[in-house]
Amino acid sequence: MPKTGKNDHARKDELPSTLQRSGRKAQDTFAKTYDSALESYHDEERAARTAYASLKHSYEKVGDHWEPKGKRGPSDKHAEQGGRSSEPTAGGVDANASKEHLYKLAKELDVKGRSKMDKHQLVEALQKANNKATRKARSK
């Protein structure tokens, strides 16, 4: 099912819930990439992976939605190596961001113990906080 409508913008009802709570540009990025990949690959799962990869190049998951990143680029080792990487994904967290940026997000999401965490621990804690926020938003 196409993710963009006749107006060339994302069809909100066709998007994952985290994108439904995100800005229009993030929605359009995902939708247009998904539609193009689906046309090329004829595989919905591969199209979704491609769309998320494109989204994570410019956006990071913060809580239950996506926000623009300060700097465009791959978000983690998995993204740097490409789709067939054996590296784990950071689930939308910009693991390549500075520790200070990750700490700021952890503070915003009220992650306990953040001041004693190293960068890797902050990434893991943010993934958990994002997942928790998404579950909470979906249950409303």
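Residues numbered from 1 in each chain as written. Predicted model: local features only at pLDDT ≥ 70, side-chain atom pairs only at ≥ 80, totals over all residues. Heavy atoms only, no water.

Residues Tyr59 and Lys61 line one face of strand E1 (residues 59-62) and the alternating positions Glu60 and Val62 line the opposite face, and both faces are buried. Two strands pair when backbone bridges link them, and E1 and strand E2 (residues 65-68) are joined in this way by four bridges, in the antiparallel orientation. Within the sheet, the bridge partner assigned to Glu60 lies in E2 and is Glu67. What sits between the antiparallel neighbours E1 and E2 is a turn of two residues, in which Gly63 has the positive phi angle 65 degrees. (Buried < 20%, exposed > 50% of the residue type's maximum accessible area, 1.4 Å probe, protein only. Helix = DSSP H or I, 4+ residues; strand = E, 2+ residues; numbered from the N terminus. Pairing = 2+ DSSP bridges.)

On to the packing of helix H2 (residues 24-41) against helix H3 (residues 44-58). In a packed pair of helices, the relevant descriptors are the angle between the two axes and the axis-to-axis distance. Axis separation between H2 and H3 bottoms out at 8 Å; the angle between their running directions is 145 degrees. In terms of crossing hand, the pair formed by H2 and H3 is right-handed. Residues Ala26, Thr29, Phe30, Thr33, Tyr34, Ala37, Leu38 and Tyr41 of H2 lie in contact with H3, whose contacting residues are Glu44, Arg46, Ala47, Ala48, Thr50, Ala51, Tyr52, Ser54 and Leu55. Across the contact of H2 with H3, the residue classes tally to 11 nonpolar, four polar and two charged. (Axes fitted to C-alpha atoms, helices over the stretch in contact; angles between N-to-C directions. Left-handed = near helix turned anticlockwise from the far one by under 90°. Contact = heavy atoms within 4.5 Å. Nonpolar A, V, L, I, M, F, W, Y, C, P; charged D, E, K, R; others polar.)

So, about the pattern of salt bridges. When the charged atoms of two side chains with opposite charge come close together, those side chains can pair. On inspection of all chains with the given rule, the structure shows six salt bridges. Notably, a salt bridge pairs Arg21 with Asp64, separated by 3.1 Å at the nearest N-O pair. With Arg21 in the loop between helix H1 (17-20) and H2 and Asp64 in the loop between E1 and E2, this residue pair connects regions lying 43 residues apart in the sequence. With relative accessibility at 31%, the residue Arg21 sits in the partly exposed group. Across the pair Asp110 and Lys112 runs a salt bridge whose closest N-O atoms are separated by 3.0 Å. (Salt bridge = Lys/Arg side-chain N within 4 Å of Asp/Glu carboxyl O.)

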